[in-house]
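The residues making up each chain are set out below.
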Amino acid sequence: MRYVGYLGGISGTGIIIGSFLSGVICNYSVELAVYISCAIYLLSIPVIYLLLPSDQELEPFKIKSSSTYKNTGKDISWRESLSIITVDHTQLRNIILLYSLFNLGGNLFRSNFSLLLAESDVSTSENGYIMSYIGVISLLANMFIIPRITLNSKKMVQVGSMIGCITMIIYSFITMDMKRVIVILIPIMVANLIISSAVTTDITKLAPQELIGGVLGVKDSIGSICKIISPLIGGLLIEYGCEALLLSVAIVYFTIALFVTITKVLEPNKKKQE
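Sequence order sets the numbering: in each chain, residues are counted from 1 along the sequence as written. In keeping with the predicted nature of the model, local features appear solely for residues at pLDDT of at least 70, side-chain atom pairs appear and are counted solely at 80 or more, and the whole-chain, interface and lining totals rest on all residues. Where side-chain values are given, they derive from all heavy atoms of the structure, hydrogens and water being excluded.

**Digging into the overall build of the protein chain**
Okay, so step 1: Only DSSP runs of H or I reaching four residues or more are called helices, and only runs of E reaching two or more are called strands; each is numbered from the N terminus. Across its full length, the protein chain holds 10 helices and zero strands.
Okay, so step 2: If you list the helices and strands of the protein chain from N to C, you get α-α-α-α-α-α-α-α-α-α.
Okay, so step 3: Throughout, exposure labels follow a simple rule: accessible area from a 1.4 Å probe, protein chains only, divided by the maximum for the residue type, with under 20% read as buried, over 50% as exposed, and the rest as partly exposed. Across the 274 residues of the protein chain, 39% fall into the buried class.
Okay, so step 4: By sequence separation, contacts in the protein chain at least 24 residues apart represent 84% of the contacts at least 6 residues apart.
Okay, so step 5: Calculation of accessible area relied on Shrake-Rupley with a 1.4 Å probe; when residues are assessed, cover is drawn exclusively from the protein chains displayed. When the accessible surface of the protein chain is split by element, carbon and sulfur atoms take 65% of a total near 16,000 Å². Throughout, a contact is declared for two residues whenever any of their heavy atoms are within 4.5 Å.

Have a look at this one:
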């Protein structure tokens, strides 16, 4: 859990710097911000090639291998990984389902956040500064809050989802201005980071060593699918008002809390395959 928090903190640092610079550059030209982003992506290619270690250079952790899925020396396809998750490993399947719900709710809010800000008459440059502020929250939470949480994964998800649910309900019933947006983003971001850290940690714990790559690939694919459909769903909901969008996100968070409470998913010390 600690290292997941630290990785999130590094990511948050990038969000802070990038969003702040975006707010400054957009005062001059939006196109200039796009061109600078493209240049940074191009420069990252040789940096990755030179600094990222190869598979042979990596020293694997000493993890006890699963007795069910022994390493045969052959690569396991994503179809085999998906079959194992959906059919053979009930606990892992339920956590992936939980992750899907979380991604749907989180992306439903994030992908339409600019539209919510537009309702608060926030300018383009102020939007960039708010995104930088989100990065600050992410950095602080990942570096100083997540690594120090002593609750088990189940309680973390229950607490995080209820915080998200209550916050979204409050957000939907009050008029937003800049100050209120700044305040209400704190519990929203902290709730998302708590859930994300708990679910990601349990996925890596439960996945057999030989299947970790395939399982994480399935997990990331689900995240990408949610990023595609969330703006579409959000666009339909926001036609009925911002309240409809925010209350829908609140329902997703409540469903997550209910799902974790009534099922055995994320049970403490439950690491073995069912």
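**Digging into helix α4 (residues 90–110)**
Okay, so step 1: Here the expected length of a helix is defined as 1.5 Å per residue gap, with one fewer gap than residues. Compared with the 30 Å implied by 1.5 Å per residue over 21 residues, the 30 Å span of α4 between its first and last C-alpha is a close match.
Okay, so step 2: Within α4, 15 of the 21 residues are buried, leaving the element largely enclosed by the surrounding structure.

**A closer look at the environment of Ile130**
Okay, so step 1: Inspection of the secondary structure puts Ile130 in helix α6 (residues 124–145).
Okay, so step 2: Residue class for Ile130 comes out buried when judged on its relative accessible area of 3%.
Okay, so step 3: Measuring from C-alpha to C-alpha, the distance between Ile130 and Phe20 comes to 8.4 Å, with 110 residues separating the pair along the chain.

**A few points about the packing of helix α7 (residues 153–173) against helix α8 (residues 178–206)**
Okay, so step 1: At a closest axis distance of 8 Å, the pairing of α7 and α8 adopts a crossing angle of 155°. Judged by the angle between their axes, α7 and α8 are roughly antiparallel. The handedness of the crossing between α7 and α8 is left-handed. Note on element contacts: α8 touches α7 through Val181, Ile184, Pro187, Ile188, Ala191, Ile194, Ile195, Ala198, Val199 and Asp202, opposite Ser153, Met156, Val157, Gly160, Ser161, Ile163, Gly164, Thr167, Met168, Ile170 and Tyr171.
Okay, so step 2: For the contact of α7 with α8, the per-class residue count stands at 15 nonpolar, five polar and one charged. Here, axes are lines fitted to C-alpha atoms. For helices the fit covers the stretch in contact, and angles between N-to-C directions go from 0 to 180 degrees. Working rule for angles: under 35 degrees goes down as roughly parallel, over 145 as roughly antiparallel, 65 to 115 as roughly perpendicular, anything else as oblique. Note: crossing handedness is left-handed where the near helix turns anticlockwise from the far helix by less than a right angle, and right-handed where it turns clockwise. Amino acids outside the nonpolar list (Ala, Val, Leu, Ile, Met, Phe, Trp, Tyr, Cys, Pro) and the charged list (Asp, Glu, Lys, Arg) are all regarded as polar, and Gly is one of them.

**A word on the packing of α7 against helix α10 (residues 242–262)**
Okay, so step 1: In the contact formed by α7 and α10, the axes pass within 8 Å of each other and the chain directions differ by 160°. Accordingly, the angle class assigned to the pair α7 and α10 is roughly antiparallel. Here α7 runs over α10; the crossing is left-handed. Across the interface between the two elements, Lys154, Val157, Gln158, Ser161, Met162, Gly164, Cys165, Met168, Ile169, Tyr171, Ser172 and Phe173 from α7 touch Glu243, Leu246, Leu247, Val249, Ala250, Tyr253, Phe254, Ile256, Ala257, Val260 and Thr261 from α10.
Okay, so step 2: Among the residues making up the contact of α7 with α10, the classes are represented as 16 nonpolar, five polar and two charged.

**Re the nonpolar core**
Okay, so step 1: Of all hydrophobic cores here, the largest spans 53 residues; its most connected members are Phe109, Phe113, Val157 and Tyr171.
Okay, so step 2: Counting residues per element, the ones that place at least two in this core are α4, α5 (113–119), α6, α7, α8, α9 (212–238) and α10.
Okay, so step 3: Per-element tally for this core: the top contributor is α8, with 13 residues.
Okay, so step 4: Residues contacting Phe109, with those up to four places away along its chain left out, are Leu116, Met168, Tyr171, Leu185, Ile188, Leu246 and Val249. Take the buried Ala, Val, Leu, Ile, Met, Phe, Trp, Tyr and Cys residues and link them wherever side-chain atoms come within 4.5 Å; each set so joined is a nonpolar core.

**Description of the environment of Phe20**
Okay, so step 1: Among the secondary structure elements, Phe20 is positioned in helix α1 (residues 2–25).
Okay, so step 2: Judged by its relative accessible area of 45%, Phe20 falls in the partly exposed class.
Okay, so step 3: Considered as a pair, Phe20 and Glu126 are 106 residues apart in the sequence and their alpha carbons are 9.5 Å apart.

**Quick look at the packing of aromatic side chains**
Here a ring pair, both rings aromatic, is described through the centre-centre distance and the interplanar angle of the planes.
Okay, so step 1: Think of it this way: a Phe, Tyr or Trp ring, Trp meaning its six-membered ring, pairs with another when their centres are within 6.5 Å, and the plane angle makes it stacked under 30 degrees, edge-to-face over 60, tilted otherwise. Throughout the structure, instances matching the rule amount to two aromatic pairs.
Okay, so step 2: Within the aromatic cluster, the residues linked to one another by ring pairs are Phe109, Phe113 and Tyr171.

**Comments concerning the pattern of salt bridges**
Okay, so step 1: A pairing counts as a salt bridge when a side-chain nitrogen of Lys or Arg comes within 4 Å of a carboxyl oxygen of Asp or Glu. Inspection of the entire model under this criterion finds one salt bridge.
Okay, so step 2: Asp220 is the partner of Lys219 in a salt bridge, and the nearest nitrogen-oxygen pair spans 3.5 Å.
Okay, so step 3: By relative accessible area, Lys219 is classed as buried at 9%.
Okay, so step 4: Assessed through its relative accessible area of 44%, Asp220 is described here as partly exposed.

**Considerations on a nonpolar patch on the surface**
Okay, so step 1: Where nonpolar side chains cluster on the molecular surface, the patch consists of Met162, Ile166, Ile169, Ile170, Phe173, Ile174, Leu247, Phe254, Leu258 and Ile262 and spans about 910 Å² of accessible area.
Okay, so step 2: Every element with two or more residues in the nonpolar patch is listed here: α7 and α10.
Okay, so step 3: Take the nonpolar patch: its biggest share by element is five residues, from α7.
Okay, so step 4: With respect to the helices and strands, the residue Ile166 is situated in helix α7. Patch building starts from residues that exceed 30% relative accessible area and form no salt bridge, then joins like charges within 9 Å and nonpolar side chains (Val, Leu, Ile, Met, Phe, Trp, Tyr) within 5 Å.

**A look at the confidence of the model for the protein chain**
Okay, so step 1: Chain-level statistics for the protein chain give a pLDDT mean of 76 and a share of 76% at 70 or above.
Okay, so step 2: Confidence of the predictor in every single residue is expressed as pLDDT, which spans 0 to 100. In the model, residues 60–73 has pLDDT below 50 throughout and makes 15 contacts with residues more than four positions away in sequence or in other chains.
Okay, so step 3: Between residues 269–274, whose pLDDT stays under 50, and residues either more than four places distant or in other chains, the model counts 13 contacts.

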